[in-house]
Every structure is written in C-alpha cells, then in structure tokens.
Amino acid sequence: MSFDVASLRKQFPILQREVDGKPLVYLDNAATTQKPQAVLDAIIDYYTTCNANVHRGAHQLSDEATRRYEKARDAVARFVNAAAREEIIWTSGTTEGINLVANGLAQLLKDTDEVVVTEMEHHANLVTWQQACKRAGASLKIAPIHDNGELDIEAFTALLSPATRLVAMPHVSNALGTVNPVKMLTAEAKKVDAWVLIDGAQGIAHGNVDVQDIGCDFYVFSGHKIFAPTGIGVLWGKRDVLQDWPVWLTGGEMIQDVTYQSATWGVLPNRLEAGTPNIAGAIGLAAALNWFSELDTRALQTHEKTLLTSAHEQAQAFEGLRMIGTAQDKIGVLSFLLEGAHPADVGFILDRQGIAIRTGDNCAQPLMKRLGIPGTARASFSIYNTLDEVDALFDALRKARTMLA
Amino acid sequence: MELPDSQEIVDDLAFFDDWEQRYQYIIDLGKAISGLSEEQKTDDRLVKGCQSSVWLIERIENGRIRFEVDSDAVIVQGLLALVLAAYDDKTPQEILAFDIDGYFAELDLERHISPTRGNGLRAIVAKIQALAKRSVS
C-alpha cells in the first residue's frame, strides 16, 4: 500500500482507546469522523492564546481571532475551489445550510413551482424542501432510484421542466454509498434553469470537491464529517445567487444600518451570518482541511477503495448477508442485513466486540420504506481504517450470526 | 422456559463470566416471553426507536400492573423480559419502589437502558412508571 495507515492512525488519539477491553474498531464514519491531533491542537491553541469575539477589533486579541477566523474562510474557499471567499458562509452544519437555502426559497417559490429531490435523501435534504414547498404551496417531486441504489437518471431528467426552480441531491448517499454523477445531473437541471443544491455531507471527506466544476449553485457540508469538530459547517453558494438570497437569521453582524423600526443588510458573507459565529469551530475546520489537503489524495482514495472492495468481497461470500446499495460508483459504506437478525441485534453484538457501526433507518425513513426494509446495519469507512478492521468486522458478524440464529 | 423473577435473573447473570453467555441468556429470556400477535401490534401501542421498535400493552388487574411487550429485535426482547421480570404482576407501590436503574446496573446492562440508546426500553419503563404513578394518586 502506498501510504502508511499505521502512522496516520497515530495522529488520532481516540483510535488508541478500547471498548469493553477490546481495541476500538470505529466503522461509523458516515455518522461522524474522528479528529486528528492537529485539529484538537488548533482548537486548544485558539482558546489558549487568542479567544475574543471577531470583527469588533478594538484590541489585539480580537484582531488575532478575526485573522484566524477569516483565514479559515480562505482555507475552505481553496478546498472547494470557490470563485471568491465571500461565497463561503459558515453554518452549524449541513442541516443548517440546507435550511438557510430552503427558507429563502420558500419566499421565492410560486404555487406553480416545483422542487426536485431524490428517493435516496436523508431527512435533512428532504424535510426541509418538503416544508418549504408546503409553505409556498409548491410541489415536491421525488426522482426515483433503481433497486441497486443508483439514481434513475432517465426518470430524473423527465421530472425536470420549466416549473423546476431547484434541484437538491446528495453528492453521496449516506445509507447506500451511491456516488451521484452530480456534474452531469447539474448540467441537466441547468437546461431548465433550475438552481442546484448538492448535499455534500457524505461527499466532502472523499476528496476533490470542485464546486465550479460541478456547476451547482449551492454546496453544503458539515465539518464533523471531515475530521473537524461538530457545530461548524459550510454553505458555499455562487456569489450572484447568494448576494440576493433572502436572509434567514437576522441580528448582529449581518446588518448595515439599523433603526428601531428598520434595518438594511450587509454584504456577503456577513449578510447570511447573524450573531457571534462558531469561531473555534471555523478554525478547527480549517485545520482539518489543511491537514487533509497535505495527505496524498490519490493514495487515500486507493486505500478507501481497497477497504470497500475487501468489505464487498467478504460480504458476498458471507452466507445470509444481503447488501443494500450496490451502485457501480459507490464509496465508503457497506449497508447490509443479516438474514433472520434485526440490525439492532447485530449492532449490540458488534458493540460488545468493540466494533462501532450504525443500525436503524439511517435517518432516511422514506428510503428504507422504498427499499422495503425496516433499516440496515451500516459499516462506514474512513481513511484511518485498516484491512484488519474490515476482517474484524466480519469475524464479529460471524459471531453475531451464530448467536442470533 | 418460565420467566424467572428479577433476583433470580441477577443471580443467574452473575454466574456467567463472558459476555457471549450473558447475551445468549438474555436472548433466551426474550424467547421465553410470549410476545404479541400481529393484530395486537397496533400503532398506538408502538414505541418507536430509531434502531428498533417495541410494542406495549399495559393494564391494571386486581390492583396489580400487568403488561405484555414485544420487539422486532431479539436482544431488545430479552431486555424487555428483564423489565417484565421486575415489573409485571406487581402493585404500583412495588413498581415505584423498585430501583430499575440499579437493577440494570447490577446486571451490568446500564448501557441498554440509557436514554442515549434508541431502543425504546427507556420509554417502556417510563410508561409503566407513569401508569403506576397515576394509579396511586
């Protein structure tokens, strides 16, 4: 293997811990990733040396904090290849980013308008649009998937029409691991002049997100899925779109002139960032992105592919295991069911063996319903996982199968 | 097998020295309780967790609280059997006096009754306690 996973693991203090006397095997990375020392250090250093509120620079600490905070914005802009730093809006995470866009959209929609999402959405990228449509009296259209978890592209394209105002879709499905051809789908949506939002919650940590290349209008993600802390996230939006987008949260920082009875809004990015921001979170996120960028992306992708291939091969050979989601282009996730065993039971028995996975509806109840299953067990991999851990997963599953039979 | 009482369960589980035997015992306990028929599993009896679902029918019979439960997951069913052993056919006063958290701690199963687990167990316990409280007030 072209990169040293053992030394990478050493940078993650939590990976050294044990669960019930067994080494932790953390395979719940689609839920949240662990944090390298570089990120932990950046947060501690901020609080230790220059904690102050930003953009109110009457003193040295505030200057230093503001500089680090705005440098963090630059780091994100570079990471996703934004055309301008003002296009980076801090949020608390993917969900807030989608809500910001959806809230604005609800004010712009007419009752003849349509919003298109896919059957593979997690709740964050479904309920928000559903509620926005409800408020505006607009219609929500659901683009179907094939049974293997791939988007039905023909049906997706057929749903698009001049009435389509916005298309929202995941870059990568959290439950199935399907990678959507977002560039091509965006081009289709642009033919009818719709806005496009890509939910990058699961896409961001797998490298090479280039928002200009995709051609979308919005790309949202959470820091904690890419080795940064929870509570910080990003909404990237095209400047032309964001600068007129209806403001959502109002208050300090986002205004220009205020009287008792009226207010005018500031310019990007501030107009969409009300209140004191998550300064430490932004700095932590920048540290994570900088740390990640220094790794060899190609080697990481190869490593991740090796893990998933091994997981797939072992899954196929495993009697009574049914894989959920077998898209051609797939990353990071092995969702499955064991015959005769409830996913929750599988989760319990794996947990006792130190193996952390997700079980349940994957925050995607309509998708589970569409697939005709109550939920799945889901192992999700990150760059610091090893082939030994994949083997440990299947050893543990053999035990689960025996015990639950 | 007949469902043992809560003290017997504590003693039985203390006897095992590895987790596999303990979980096997809990799974077997779950199989020992009768569960509910499909017709009885109505939505109003459903306590939905994001990991597994449980159904509960509770009633008072001759001053004692009786309940029946079922789950779609066998370990959760076993954990429900532990609750059943402690709570079923007891007076409301007995139920309110019983230290359920201490019981699960003694069984070394606190993790399963913690509110952070989406298995519905905590909600079942809360429902039975609420019924007990209503019937003494």
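Residues numbered from 1 in each chain as written. Chains lettered and ligands numbered in written order. Predicted model: local features only at pLDDT ≥ 70, side-chain atom pairs only at ≥ 80, totals over all residues. Heavy atoms only, no water.

J.: Explain the interface of chain A and chain B to me, please; I cannot follow it from the model alone.
T.: Put simply, an interface is often sized by how much accessible area is lost when its parts join up. Of the residues lining the interface, 18 residues belong to chain A; the matching set on chain B comes to 19 residues. The contact between chain A and chain B buries some 1700 Å² in all, and 55% of this surface belongs to carbon and sulfur atoms. Of all residues in chain A, F348, R352 and M403 of chain A give up the largest surface area on contact with chain B, accounting jointly for 42% of the area buried on that side. Counting across the chain A and chain B interface gives 1 salt bridge. A salt bridge links K399 of chain A to E20 of chain B; its shortest N-O distance comes to 2.9 Å. Counting every contact that joins chain A to chain B gives 5 residue pairs in polar contact (both at pLDDT 80 or more). In terms of residues, the side of chain A that touches chain B owes the most to one element, helix 12 (residues 343–352) of chain A, which gives 6 residues. Residues that form the side of chain A that touches chain B fall into these classes: 6 nonpolar, 5 polar and 7 charged. (Contact = heavy atoms within 4.5 Å. Buried area = accessible area lost by both parts, 1.4 Å probe. Salt bridge = Lys/Arg side-chain N within 4 Å of Asp/Glu carboxyl O. Polar contact = N/O pair within 3.5 Å; in protein donor to acceptor, adjacent residues only side chain to side chain. Helix = DSSP H or I, 4+ residues; strand = E, 2+ residues; numbered from the N terminus. Nonpolar A, V, L, I, M, F, W, Y, C, P; charged D, E, K, R; others polar.)

J.: Just checking my understanding: could you explain the sheet that holds strand 1 (residues 46–48) of chain B for this structure?
T.: Residues and elements named next belong to chain B. Reading across from one edge, 1-2-3 is the order of the 3 strands in this open sheet, with antiparallel pairing throughout. Unpaired on one side and paired on the other, strand 1 and strand 3 (64–71) mark the two borders of the sheet. Put simply, the sheet's adjacent strands are angled 30 degrees from each other on average, direction ignored. Pairing geometry for strand 1 and strand 2 (residues 53–61), over 3 bridges, is antiparallel. For V47, the partnering residue across the bridge sits in strand 2 and is V54. On top of the sheet, helix 7 (residues 121–136) reaches strand 1, strand 2 and strand 3; it is set at about 15 degrees to strand 2, its chief contact. (Pairing = 2+ DSSP bridges. Axes fitted to C-alpha atoms, helices over the stretch in contact; angles between N-to-C directions.)

J.: Please explain helix 7 (residues 182–191) of chain A as it appears in this structure.
T.: Note: α-helices contain 3.6 residues per turn, so residues at a spacing of three or four share the same orientation. All names here are of chain A. Taken as a whole, helix 7 has its buried residues at V182, L185, T186, E188 and A189. Projected down its long axis, helix 7 shows its buried positions confined to an angular sector of 155 degrees, all on one face. Buried residues in helix 7 make contact with helix 6 (153–159), strand 7 (164–170), strand 8 (195–199) and helix 8 (211–214). Positive backbone phi, approximately 65 degrees, marks D193, located one or two places after helix 7. (Buried < 20%, exposed > 50% of the residue type's maximum accessible area, 1.4 Å probe, protein only. Arc of directions from axis to C-beta.)

J.: Looking at this structure, how should I read the UniProt feature "domain: Aminotransferase class V" (unreviewed entry) in chain A?
T.: Sequence positions flagged by UniProt for "domain: Aminotransferase class V" (unreviewed entry) are, in local numbering, residues 25–393 of chain A. Measuring from the first to the last C-alpha atom of residues 25–393 of chain A gives 8 Å, for a span that is 39% helix and 18% strand. (UniProt positions renumbered as here; feature names shortened; annotations may be inferred.)

J.: Help me understand the packing of helix 3 (residues 74–87) of chain B against helix 7 of chain B in this model?
T.: Helices that pack against each other are described as a pair by the angle of their axes relative to one another and the distance between those axes. All names here are of chain B. Where helix 3 contacts helix 7, the two axes come as close as 10 Å, and the packing angle between them is 20 degrees. Considered as vectors, helix 3 and helix 7 are oriented roughly parallel to each other. For the pair helix 3 and helix 7, the sense of crossing is right-handed. Residues L79, L80, V83 and Y87 of helix 3 touch helix 7, and the partners they reach there are L121, I124, V125, I128 and Q129. Split by residue class, the contact of helix 3 with helix 7 holds 8 nonpolar, 1 polar and no charged. (Parallel < 35°, antiparallel > 145°, perpendicular 65-115°, else oblique. Left-handed = near helix turned anticlockwise from the far one by under 90°.)

J.: Can you walk me through the pairing of strand 9 (residues 218–222) of chain A in this structure?
T.: For a regular strand, the rule is simple: side chains alternate between the two faces of the sheet. All names here are of chain A. The buried fraction of strand 9 is high, at 5 of 5 residues. Where burial is concerned, the two faces of strand 9 agree: the one with F218, V220 and S222 and the one with Y219 and F221 are both buried. Alignment of strand 8 against strand 9, held across 3 bridges, turns out to be parallel. From the neighbouring strand, I198 faces strand 9, where its bridge partner is Y219.

J.: Please clarify how the side chain of Q77 of chain B should be interpreted in this entry.
T.: All names here are of chain B. Turning to its location among the elements, Q77 is positioned in helix 3. A relative accessible area of 8% places Q77 in the buried class. Of the polar contacts made by the side chain of Q77, one reaches the backbone nitrogen of S71; its length is 2.9 Å. Every residue in contact with Q77, bar those within four places of it in the chain, is listed here: G30, I33, G35, V69, D70 and S71.

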